[in-house]
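What the coordinates show
What follows is each chain in one-letter form.
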Amino acid sequence: RKPVRIAPSVLAADFAKLGEEVAAITAAGADYIHLDIMDGHFVPNISFGPAVTKSIRDYSDKPFDCHLMISPFDPFVEEFVDAGADIITLHQESGPHAHRSLQLVKSHGLKAGISLNPATPASTLEHVMDEVDLILVMSVNPGFGGQKFIASQLDKIRTLRSMIDASGRDIDLQVDGGINAETAPLVIEAGADLLVAGSAAFKGGPSQYAENINLLLGRA
Ligand code: DX5
Ligand code: ZN
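Basis of the calculations
Residues numbered from 1 in each chain as written. Chains lettered and ligands numbered in written order. Predicted model: local features only at pLDDT ≥ 70, side-chain atom pairs only at ≥ 80, totals over all residues. Heavy atoms only, no water. Near = heavy atom within 4 Å. Polar contact = N/O pair within 3.5 Å; in protein donor to acceptor, adjacent residues only side chain to side chain. Areas by Shrake-Rupley, 256 points an atom, 1.4 Å probe, with all protein chains shown as cover. Helix = DSSP H or I, 4+ residues; strand = E, 2+ residues; numbered from the N terminus. Nonpolar A, V, L, I, M, F, W, Y, C, P; charged D, E, K, R; others polar. UniProt positions renumbered as here; feature names shortened; annotations may be inferred. Contact = heavy atoms within 4.5 Å.

Within the structure, ligand 1 sits among 20 residues, and Asp36, Gly143, Asp176, Gly198 and Ser199 are positioned closest to it. A distance of 2.5 Å separates an oxygen atom of ligand 1 from a polar atom in the side chain of Ser199. Protein chains bury 99% of the 380 Å² of accessible surface belonging to ligand 1 in isolation. Every element with two or more residues in the shell around ligand 1 is listed here: strand 2 (33-38), strand 3 (64-69) and strand 8 (194-197). Here the shell around ligand 1 takes three residues from strand 2, the largest share from any one element. In terms of residue class, the shell around ligand 1 is made up of eight nonpolar, ten polar and two charged.

Okay, here's the thing in structure tokens:
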């Protein structure tokens, strides 16, 4: 099993000093920087886009994990490549051509992820297991930080764990939404190896970030 890693979501950071926040969460032990891109169409909220992503790129040496909660997806891939993304994740539900979109991301030499909303079954990924580098299970309905963890997703995590093991491929199993000190052990036990945390990572301000991350990863 791969080591459990953390991808703090900057949606929960102080947008008035986003560069400093990205540097601080990196210094505190982030393995990835999770960027929640929201268009107000696929999800009922607007966050930020490629320009902001580009402006914070040099504030961290960690991979930029871009979670695109947008539809359509394909027209914006190149802008996120240019902004410095390392991983670009689309939503299975954001359009009819997930296979083509995954190919588009990989054609730029980036890692391709696919995310499932709580109502979307793991089985919808059966025919793209050879195309993905990351699978993102939403444990909240996308659009906002600070929501309650949806426990029904634990079964889906377990199912995806077996699908990934059966594929024999190096695929990250990422879980996103309501991850905190209580729910992190549950998703890890179910088979997740990459945790996204917004409010739990950024709570208490920069002096708390390292402690928050260690607690989420179950380190002393
Ligand atoms: C929700 C985003 C999540 C969210 C997580 O649409 O995809 O990444 O920011 O925030 P918390 O950890 O506070 O639930
Ligand atoms: Zn996210």
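After that view of the structure, there is still more to cover.
This part is about the UniProt feature "active site" (unreviewed entry) in the protein chain. The UniProt record annotates "active site" (unreviewed entry) at Asp36 and Asp176. Separation in sequence by 141 residues is not matched in space for these annotated residues, since their most distant C-alpha atoms are only 10.4 Å apart. By the secondary structure assignment, Asp36 is in strand 2. Excluding residues within four positions of it along the chain, Asp36 makes contact with Ser9, Leu11, Ser47, Phe48, His67, Met69 and Asp176. Beyond its immediate sequence surroundings of up to four residues, Asp176 is in contact with His34, Asp36, His67, Leu136, Val137, Met138, Ser139, Val140 and Val196.

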